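Summary of the model geometry
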Amino acid sequence: MRGLWKGSCETESEMSSDDLLIDETRLFEELCRIEWLGAGFKRVKKNKGSPGIDGVTIAEFESRLIEELSQLKQELESWTYKPSAVRRVEIPKPGGKGIRLLGVPTVRDRVVQATLKLLLEPIFEPLFSAHSYGFRPGRSQRQAVEAAQEIVTGGKAYVVDIDLAKFFDRIHHDRLIARLSQHVSDKRILRLIGLILRSGIMAEGVVSPSTEGAVQGSPLSPLLSNIVLDELDKELERRGLEFCRFADDCNIFVKTPKAAERVMASVSKYIEKRLKLVVNREKSQVARSDRVKFLGMTIVDGAIAISHQALQAAMRKVKELTPRGTHQTLETTLEQINTWYVGWSNYFGMTYYPSQLHKIEAHIRRRLRSRLVDQQKSKRNLFKKLTKRGVSRRSAAKAVFSNNKRWVLSNTFAVTRAYPNRWFIKEMGQVIRSDKQLAHWFDVRQWISLA
């Protein structure tokens, strides 16, 4: 018997010291305990989310928490618990490149899955590869990118970028249960996971059976995906290959184009024959690191930079937040932009080039200046507005009566003089991050050309 430390349980402080070690053969009994189910609910509440097919919200579930958890405990113990079908949700992919299919389980099902994750994670976490970074405690996207940078600077500048087509939808149930059974001896846990995997999907009121795949968006699916792809990690390690994986985003690094092509062919064959998954040949590629996007970043001459695709996506987001013809006030628009930009820059601040952040900040201001120009409705009103804000009549007339449209006008001397950078920053409260002078940053004036 091996003991499991309940370090991941959020209610650990509420449990006695005797609870800190549990018997792996009795995982199901632990799952049925109110304390563990309560810990699972805390995870669900923290992650928020919308209702499943029963329409019950997290707040409604919490309002009768003891009754709900007691009911779950009784159903699990009597094997009358039956996972509901998940609610299908379609999320547009960035840049209009199709849709991503997600599933939303009911709150009660999310509680069971979150509790299972709390119990199973301590078993599998020590077994996972050091090169795996996705959805693991204490690991992050930034660590994955920095690991990739270290490999590239070590001399392996060619990347085998393997894209798995609809990975979550194609997970082979029997192979997954077999992998789980190698380390989980409690067959009841395996049976319950099988029920969850086969619970079905509801779309437009119709429930379809789920014979393969794990629902992307459920609490348990990230752990299950890592268990599936850990087999790939072990194979890559066995071959002595250097790689970084974050969920189903895997980059393998080699020294030469010829080696990269060879690895692409052999690893793709392994993935499809052994793991029963599908490699997307169109999206997979062999290229130098500065031409490959990994978690929104790219490695150029050994330095981390925001990828061209990620910058373009940010530009599109700014455009989305500053639509034409809106009646929204500038203050409200800028507040929404700030909320998005703080989160965006917190992640992409790992770039070595603050000039990339400066570019987005400048683009935000130009979009807002363009709106201010458009709000004047007529050239005469715009001329008056510019002169009122300190622009000389000559400069104002040169800009306004040039027959240029609002986008060109937004970048003229007259308009930028009327609405200078400091006005947006000091008076309107635009959030600026490119001036933070972080230790890893180059000079803000240093620009980078991306492939």
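Residues numbered from 1 in each chain as written. Predicted model: local features only at pLDDT ≥ 70, side-chain atom pairs only at ≥ 80, totals over all residues. Heavy atoms only, no water.

Applying the stated criterion across every chain, the model contains 14 aromatic pairs. Between tryptophan 340 and tyrosine 341 the ring centres are 6.0 Å apart and the planes differ by 45°, which places this aromatic pair in the tilted class. In this pair, the class of tryptophan 340 matches that of tyrosine 341, namely buried. One aromatic cluster is present, built from ring pairs that chain together Trp340, Tyr341, Trp344, Tyr347 and Phe348. Arginine 139 extends its terminal NZ or CZ atom over the ring of tyrosine 133, reaching a point 4.8 Å from the ring centre. Sitting over the ring of tryptophan 407, arginine 366 keeps its end group 4.0 Å from the ring centre. (Phe/Tyr/Trp six-rings, centres within 6.5 Å; stacked < 30°, edge-to-face > 60°. Buried < 20%, exposed > 50% of the residue type's maximum accessible area, 1.4 Å probe, protein only. Lys NZ or Arg CZ within 6 Å of the ring centre and 35° of its normal.)

Let's shift gears to unusual backbone geometry. The phi angle at tryptophan 79 is positive, at roughly 60°, despite the residue not being glycine. In this fold, tryptophan 79 is placed in the loop between helix H4 (65–78) and strand S3 (86–92). One non-glycine residue, asparagine 403, lies in positive phi territory at about 70°. Tracing the backbone through its elements, the reader meets asparagine 403 in the loop between helix H15 (393–400) and helix H16 (406–409). (Helix = DSSP H or I, 4+ residues; strand = E, 2+ residues; numbered from the N terminus.)

Within a sheet, neighbouring strands are paired by backbone hydrogen bonds and run either parallel or antiparallel to one another. Pairing is antiparallel across the open sheet formed by four strands, whose spatial order is S8-S9-S5-S10. Each edge of the sheet is formed by a strand with only one pairing partner; in this case those strands are strand S8 (242–246) and strand S10 (285–288). On average, adjacent strands in this sheet sit at an angle of 20° to one another, irrespective of strand direction. Relative to strand S9 (residues 249–254), strand S5 (residues 158–163) runs antiparallel, the two being bridged by six bridges. Across the sheet, valine 160 pairs through a bridge with isoleucine 252, a residue of S9. Against the sheet, helix H6 (residues 141–153) contacts S8 and S9, and its axis sits at roughly 165° relative to S8. Along the sheet, helix H9 (residues 221–238) makes contact with S8 and S9, crossing S8 at roughly 170°. (Pairing = 2+ DSSP bridges. Axes fitted to C-alpha atoms, helices over the stretch in contact; angles between N-to-C directions. Contact = heavy atoms within 4.5 Å.)

A few words now on helix H10 (residues 257–273). Taking 1.5 Å per residue as the helical rise, H10 with its 17 residues ought to reach 24 Å, and the 24 Å between its terminal C-alpha atoms agrees with that figure. When we look at burial in H10, the residues that qualify are Ala259, Ala260, Val263, Met264, Val267, Ser268, Tyr270 and Ile271. End-on view of H10: buried residues confined to an arc of 160°, all on one side of the axis. Structural note: H10 exposes Lys258, Arg262, Lys269 and Lys273 on the side pointing more than 90 degrees away from its buried face. (Expected span 1.5 Å × (residues − 1). Arc of directions from axis to C-beta.)

For the rest of this paragraph, the subject is helix H13 (residues 354–375). Two residues of an α-helix separated by three or four positions point the same way, owing to the 3.6 residues in each turn. With 22 residues, H13 should reach 32 Å at 1.5 Å per residue; the first-to-last C-alpha distance of 32 Å fits that figure. Among the 22 residues that make up H13, 16 are buried, leaving the element largely enclosed by the rest of the structure. Trailing H13 by a residue or two, lysine 377 shows a phi angle of about 70°, which is positive.

Now for the side chain of glutamate 231. Locating glutamate 231 in the fold gives a position in helix H9. Judged by relative accessible area, which is 7%, glutamate 231 ranks as buried. Engagement of the side chain of glutamate 231 in a polar contact is seen with the side chain of arginine 175, the distance being 3.0 Å. Side-chain polar atoms of glutamate 231 contact the side chain of arginine 274, separated by 3.1 Å. If we skip the residues at most four places from it in the chain, glutamate 231 touches Arg175, Arg179, Tyr270, Arg274 and Leu275. (Polar contact = N/O pair within 3.5 Å; in protein donor to acceptor, adjacent residues only side chain to side chain.)

Without other data, these values stay purely geometric and don't point to any function.
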